[in-house]
Amino acid sequence: MKHFDVAIIGSGPSGASTAFYLAKKGISTVLVEKETLPRYKTCGGGFVYRGRKSLPFKIDEIVEREFRTVDVYLGSKMHFKTHRERPTITMVMRDAFDNLIVEKAKELGVTILEDTKLKSLDFTEKFIKLNTSQDQLTAKFVIAADGALSPTAKMADWTNDTRKLIPALEYEVEVSDEDFERLSKEVRFDMDAIPYGYGWSFPKKNHLSIGIASARRTKINLKEYYKKYLDTLQIKHIIKEQQHGFQIPVSPRTDGFVKNNVFLIGDAAGFADPVTAEGISNAILSGKLAAEAIIESQLNPEKAADLYFEKLNECILPEIKTGLWLSKFFYEQRKIRNLLLKKYGQRFSEAMADVFMGDRTYPHDIKKKITSKIKELVF
Ligand SMILES: Cc1cc2nc3c(=O)[nH]c(=O)nc-3n(C[C@H](O)[C@H](O)[C@H](O)COP(=O)(O)OP(=O)(O)OC[C@H]3O[C@@H](n4cnc5c(N)ncnc54)[C@H](O)[C@@H]3O)c2cc1C
């Protein structure tokens, strides 16, 4: 039975980047992935610059398109445009993107086990035994990087799911040359394309990734709103489309991120942005923080758990907490939000572009700031 210091379950951006950072410091690491790589992942594939600039290698070879200008629409009445010198959003296909990070980790010596599904975990005094669809392994640490469903978290005693999971539907769409010519020029978000949510059109090299997500955990006919959204985009003819539905966890677990030497990162932990549901950059960041915690602790489980929590508290958790408040206000208080956007919409869009660029986070006193702007409008 092979033994590793760290076994990572899932080769998405969170798992692959943790593997990369651990292997860089010579820590023996195995990446366990149930699919054959590269694998498709349901995702808009909009990678914001704060994530891109944090990567320690270039991703140019897998970039589909880059957008320095971002368009945000609110019905036909409001339209805001932001422009930055560097690409605010880079378009990627997740099979190629995730696989690039896996390859970088492999170059540093990470063992990659694809077509290998984690089935169960046995906790012994010395290490954790992993029973997979192929071989058995042992490891000192297990990282659950296995996405929104996170079977690993369930195996490691997270019996209740305390994350907020929102529904999203995404289509890979081939349209006519005429429509593609028109729509491939802009990356756009359409607020309220779906109640309590938004729609997006993300142009890839030869097709569009079009989707809708609702910030409410509710039963909703996503397909119906997707069709309406195609009308908004004035798409006349669809040559081919592939539907993919999934959930996005937009609030962190409330019952801890480490149990029995199992660390949760990325979607397994619930680290996607509550306002935009953008999850790739925090998946990568949380993977890096978990790796740093293990490295700095010199493989001491208690120290590593404390360090990981400290690091999360420094950069991810406060931002998500503010984002949760902002998301509730933005999607649920639409009348007052629209009044504010009429006056401050461009300023708000610029602030969001700064968040995407990694130049700022959501202000901690956002509630106070928004309340005072509302008072200015009303009185
Ligand atoms: C419709 C939709 C659109 C989105 N659009 C965007 C976007 O445009 N931009 C953005 O930033 N984010 C977007 N997101 C969110 C983003 O996709 C996730 O936040 C991100 O993929 C999380 O990365 P991860 O590494 O935590 O998990 P994942 O990328 O989900 O990777 C988990 C991996 O674990 C593997 N796995 C699962 N179970 C097991 C097992 N038992 N054994 C072995 N392996 C296993 C899976 O096969 C998978 O490869 C979107 C999400 C959805 C659903």
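Higher on the page you've got the structure.
Values in this document were obtained by computation on a predicted structure and should not be read as measured data.

(A) Quick peek at the site of the ligand. Near the ligand, the surroundings consist of 39 residues, among which Ser14, Glu33, Arg39, Gly46 and Asp267 are the closest. Between the ligand and Arg94, the relevant distance is 2.9 Å, taken from an oxygen atom to a side-chain nitrogen or oxygen of the residue. Note that an oxygen atom of the ligand is positioned 2.8 Å from one of the side-chain N or O atoms of Asp267. Of all the secondary structure elements, the ones that give two or more residues to the shell around the ligand are helix H1 (13-24), strand S12 (165-175), strand S14 (197-203), strand S16 (238-249), helix H7 (266-269) and helix H8 (280-296). With three residues, S16 is the largest single contributor of residues to the shell around the ligand. When its residues are assigned to classes, the shell around the ligand shows 15 nonpolar, 13 polar and eleven charged.

(B) Spatial organisation of the packing of H1 against helix H3 (residues 94-107). Where H1 contacts H3, the axes come no closer than 8 Å and their chain directions differ by 15°. When the axis of H1 is compared with that of H3, the two are roughly parallel. As for the relative orientation of H1 and H3, their crossing is left-handed in sense. Between H1, through Pro13, Ala16, Ser17, Ala19, Phe20 and Ala23, and H3, the contact on the second element is made entirely by Arg94, Phe97, Asp98, Ile101, Val102, Lys104 and Ala105. Looking at the contact of H1 with H3, its residues break down into nine nonpolar, one polar and three charged.

(C) Layout of the nonpolar core. By size, the foremost hydrophobic cluster in this structure holds 66 residues, and its most contacted members are Ile59, Phe97, Leu130, Phe271 and Tyr308. Of the residues forming this core, the biggest block, seven residues, is contributed by H8. Apart from residues lying up to four places away in sequence, Phe271 is in contact with Pro249, Pro252, Phe257, Leu264, Gly266, Asn282, Ser286, Tyr308, Leu312, Ile316, Leu317 and Ile320. Listed in part, the 37 residues of the second largest apolar core include Met191, Tyr198, Ala213 and Val250.

(D) Local environment of the sheet that holds strand S5 (residues 69-74). Across the sheet, which stays open at both edges, the seven strands sit in the order S6-S5-S13-S14-S15-S12-S16 with mixed pairing between neighbours. Unpaired on one side and paired on the other, strand S6 (78-83) and S16 mark the two borders of the sheet. Strand-to-strand twist of the sheet, defined as the mean angle between neighbouring strand axes without regard to direction, takes the value 15°. Direction of pairing for S5 relative to S6: antiparallel, over a ladder of six bridges. Bridged to Leu74 within S6 is Met78. The sheet strands contacting helix H6 (residues 222-232) are S12, strand S13 (187-191), S14, strand S15 (208-214) and S16, and the helix crosses S15 at an angle near 130°.

(E) Quick look at the layout of surface pockets. Estimated volume of the second largest pocket: approximately 490 Å³. Along the wall of the second largest pocket there are 20 residues; nearest its centre are Phe348, Ala351, Ile366, Lys369 and Ile370. Of all elements in the fold, only helix H10 (317-332), helix H11 (334-357) and helix H12 (366-378) reach the threshold of two or more residues within the lining of the second largest pocket. In the lining of the second largest pocket, the residues fall into 14 nonpolar, one polar and five charged.

(F) Structural detail: H6. Those residues of H6 lying buried are Leu222, Tyr225, Tyr226, Tyr229 and Leu230. All buried residues of H6 fall inside an arc of 150° around its axis, so they share one side. Set apart from the buried face of H6 by more than 90 degrees, the exposed residues are Lys227 and Asp231. On its buried face, H6 sits against S12, S13, S14, S15 and S16.

(G) The arrangement of the sheet that holds strand S7 (residues 89-92) in detail. Overall, antiparallel pairing links the three strands, which are arranged S3-S7-S4 in an open sheet. In this open sheet, the two edge strands, each paired with only one partner strand, are strand S3 (46-48) and strand S4 (63-67). Taken over all neighbouring pairs, the strand axes of this sheet differ in orientation by 30° on average, direction set aside. Direction of pairing for S3 relative to S7: antiparallel, over a ladder of three bridges. Looking across to S7, one finds that Val48 is bridged to Ile89.

What counts and how
Residues numbered from 1 in each chain as written. Predicted model: local features only at pLDDT ≥ 70, side-chain atom pairs only at ≥ 80, totals over all residues. Heavy atoms only, no water. Near = heavy atom within 4 Å. Polar contact = N/O pair within 3.5 Å; in protein donor to acceptor, adjacent residues only side chain to side chain. Helix = DSSP H or I, 4+ residues; strand = E, 2+ residues; numbered from the N terminus. Nonpolar A, V, L, I, M, F, W, Y, C, P; charged D, E, K, R; others polar. Axes fitted to C-alpha atoms, helices over the stretch in contact; angles between N-to-C directions. Parallel < 35°, antiparallel > 145°, perpendicular 65-115°, else oblique. Left-handed = near helix turned anticlockwise from the far one by under 90°. Contact = heavy atoms within 4.5 Å. Core = buried A, V, L, I, M, F, W, Y, C linked by side-chain atoms within 4.5 Å. Buried < 20%, exposed > 50% of the residue type's maximum accessible area, 1.4 Å probe, protein only. Pairing = 2+ DSSP bridges. 1 Å grid on protein atoms, 1.4 Å probe; cavity = no way out; pocket = protein on both sides within 12 Å on 5 of 7 lines; lining within 4 Å. Points joined across faces, edges and corners; volume = space filled by probe spheres on them. Arc of directions from axis to C-beta.

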